[in-house]
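Observations on the three-dimensional arrangement
Spelled out, the chains give:
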Amino acid sequence: MANVVLVGAQWGDEGKGRIIDVLAEQADFVVRSQGGANAGHTVVVDDEEFILHLVPTGVLHPGTQCIVGNGVVIDPKVLIDEIDTLTAKGVHIDGNLYISESAHIVMPYHKLLDGLREKLKGKGAIGTTLRGISPAYMDKVGYVGIRALDLLHEATFRTKLEMNLVEKNLLLTKLYDHEPLEPELILAEYGGYAERMRPYVTNTEIILNRAIAEGKEMLFEGAQGTLLDVDHGTYPFVTASSTTSGGACTGSGVGPTKIGMVMGVAKAYTTRVGAGPFPTEFTPEEDFVDRKQDREFGATTGRTRRCGWFDAVIVNHSVRVNGLDAIALTKLDVMDNCKRIKICVAYDDGGRRVTDFPADGAVLARIKPVYEEMDGWCEPTKHVRSYEELPANARAYIERLQELVATPVEIVSVGEKRAETIFMSPAFNGS
Ligand code: IMP
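Reading the values: rules and limits
- Residues numbered from 1 in each chain as written.
- Predicted model: local features only at pLDDT ≥ 70, side-chain atom pairs only at ≥ 80, totals over all residues.
- Heavy atoms only, no water.
- Pairing = 2+ DSSP bridges.
- Helix = DSSP H or I, 4+ residues; strand = E, 2+ residues; numbered from the N terminus.
- Contact = heavy atoms within 4.5 Å.
- Axes fitted to C-alpha atoms, helices over the stretch in contact; angles between N-to-C directions.
- Domains from an automatic or database assignment.
- Buried area = accessible area lost by both parts, 1.4 Å probe.
- Salt bridge = Lys/Arg side-chain N within 4 Å of Asp/Glu carboxyl O.
- Polar contact = N/O pair within 3.5 Å; in protein donor to acceptor, adjacent residues only side chain to side chain.
- Nonpolar A, V, L, I, M, F, W, Y, C, P; charged D, E, K, R; others polar.
- Buried < 20%, exposed > 50% of the residue type's maximum accessible area, 1.4 Å probe, protein only.

**Quick word on the sheet that holds strand β15 (residues 326–330)**
- Across the sheet, which stays open at both edges, the 10 strands sit in the order β9-β7-β5-β2-β10-β1-β11-β15-β19-β20 with mixed pairing between neighbours. With one partner strand each, in any of the chains shown, β9 (201–202) and β20 (421–423) form the two edges of the open sheet.
- With respect to the sheet, helix α1 (residues 16–24) is in contact with β1 (4–8), β2 (29–32), β10 (218–221), β11 (261–267), β15, β19 (409–413) and β20, its orientation differing from that of β1 by roughly 165°.

**Quick notes on the domain arrangement of the protein**
- Examined at the domain level, the protein breaks down into domain 1 (4–93 + 203–428) and domain 2 (104–199).
- A straight line from the C-alpha centre of domain 1 to that of domain 2 covers 29 Å.
- Taken together, the 28 residues of domain 1 in the interface contact 19 residues of domain 2.
- Here domain 1 meets domain 2 over a buried area of about 1900 Å², counting both sides, of which 62% is carbon and sulfur.
- Its largest share of buried area at the contact with domain 2, domain 1 owes to V73, P76 and I80, together 28% of the area lost on that side.
- For the pair domain 1 and domain 2, the interface holds 2 salt bridges.
- R196 is the partner of D84 in a salt bridge, and the nearest nitrogen-oxygen pair spans 2.8 Å.
- At the boundary of domain 1 with domain 2, the tally comes to 9 residue pairs in polar contact (both at pLDDT 80 or more).
- Elements that contribute at least two residues to the side of domain 1 that touches domain 2 include exactly β6 (73–74) and α2 (76–88).
- When residues in the side of domain 1 that touches domain 2 are grouped by element, the largest group, 6 residues, is from α2.
- By residue class, the composition of the side of domain 1 that touches domain 2 is 13 nonpolar, 11 polar and 4 charged.

**As for unusual backbone geometry**
- A cis amide bond links Y235 to the next residue, P236, at an omega of 5°.
- Structurally, the position occupied by P236 is in the loop between β10 and α9 (245–250).
- If you check the backbone angles, K331 has positive phi at about 60° while not being a glycine.
- Here K331 shows up in the loop between β15 and β16 (340–349).

**Here's the deal with the environment of A346**
- Within the secondary structure layout, A346 lies in strand β16.
- Residue A346 is classed as buried on the basis of its relative accessible area of 0%.
- Placed 65 residues apart in sequence, A346 and E281 show a C-alpha to C-alpha distance of 14 Å.
- Each residue touching A346, except ones within four places of it in the same chain, is listed here: V313, R353, V354, T355, K368, P369 and V370.

Below you can see the structure in the form of structure tokens.
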């Protein structure tokens with residue numbers, strides 16, 4: 001397997017954790033390069049469920065080294081809780097996990113401001129995960145962020161925190177009518193986190209590039225999805241990081257010439273959480289997804305997901321902006337009982353056929369999806385392990401999707417367990 005970047009091809013929650021888990025077995029390193037505790041990657045191993053927010057999913061494979069790269073924003077409390085939970089479940093962490101010293105730290109004021117800003121926006125709220133993501137990235141690009149290496153140096157941390165609090169407390173008290181934050185309380189709390197994080201914090205860019213020079217293989221684990229990318233997504237209803245393939249390079253310090261392939265993970269249908277346009281969202285009559293049984297609620301926030309038909313216009317956009325070489329199609333089994341299936345092949349903008357994804361939210365809000373319809377397969381697929389065994393209509397569906405997005409589907413998942421995976425070619429199952 002070459003060095004692979006794996007990204008979400010829709011609005012996140014495509015089941016990336018599930019695919020990363022099967023591919024991680026063949027990787028020496030699994031690398032997170034963007035996002036933060038807004039992500040929630042669910043993996044089921046031998047009937048045990050793991051939900052990972054910051055630690056890369058590769059940690060569930062004993063031989064795989066895990067990197068939290070410089071592009072990630074780290075909430076130290078979430079990280080430490082996750083390390084403790086994994087350790088209690090018998091997962092080996094020490095010596096397997098490295099955290100970039102340049103990664104930025106999510107501070108209490110980031111989480112507070114995330115909530116206050118959302119409230120202030122009222123109807124225009126984004127529906128963020130309230131994990132402090134956007135305020136943390138704002139400080140990063142505003143040159144006032146606190147990095148992991150700053151957290152480890154008590155004097156530097158104090159200086160940077162006090163400097164930040166001058167501005168944040170003005171915002172809190174004058175704009176939001178909120179109590180100011182007390183530096184000593186934060187220093188005490190974060191000082192404890194610093195000691196827990198110290199053993200893991202290092203220069204991960206050196207580790208990764210040395211390993212690549214030795215021929216080791218990397219899997220870059222994307223979080224969120226292409227349509228949430230701050231540049232290429234449905235702005236402003238996006239997240240604050242580069243969720244597309246380029247983000248894997250800037251967020252890890254590995255150059256693009258070292259990437260062998262880019263794989264996009266797409267659900268067999270579409271989901272989205274939070275506000276924002278969603279052209280193929282189901283009408284109540286069309287909706288066949290059982291939110292509970294089919295696990296269509298957020299792993300991080302518990303919010304139920306909005307669901308809709310597969311949208312080839314957005315996946316084509318993903319193919320383009322990520323340079324996708326292949327697609328992993330997830331949750332095909334959720335469509336097992338769907339009698340008639342719709343696929344969005346274009347948008348209709350007042351009589352004009354649109355096939356290129358519009359950057360303008362106003363256009364996206366007014367267009368109507370143009371659907372193609374086909375019969376469902378109406379039989380279970382969970383037990384299927386090869387493409388040939390799939391019902392003819394399921395194969396026809398996959399083939400039509402491949403055609404529409406001009407990209408091969410290399411992996412199909414038909415359940416949440418590791419074994420419930422169909423590999424279209426041996427390249428991805430280690431054989
Ligand atoms: P934030 O990342 O918390 O700032 O949220 C911004 C938008 O991204 C909101 O619409 C969230 O629902 C969405 N979002 C953030 N992380 C995820 C994720 O992991 N899956 C799906 N949506 C996400």
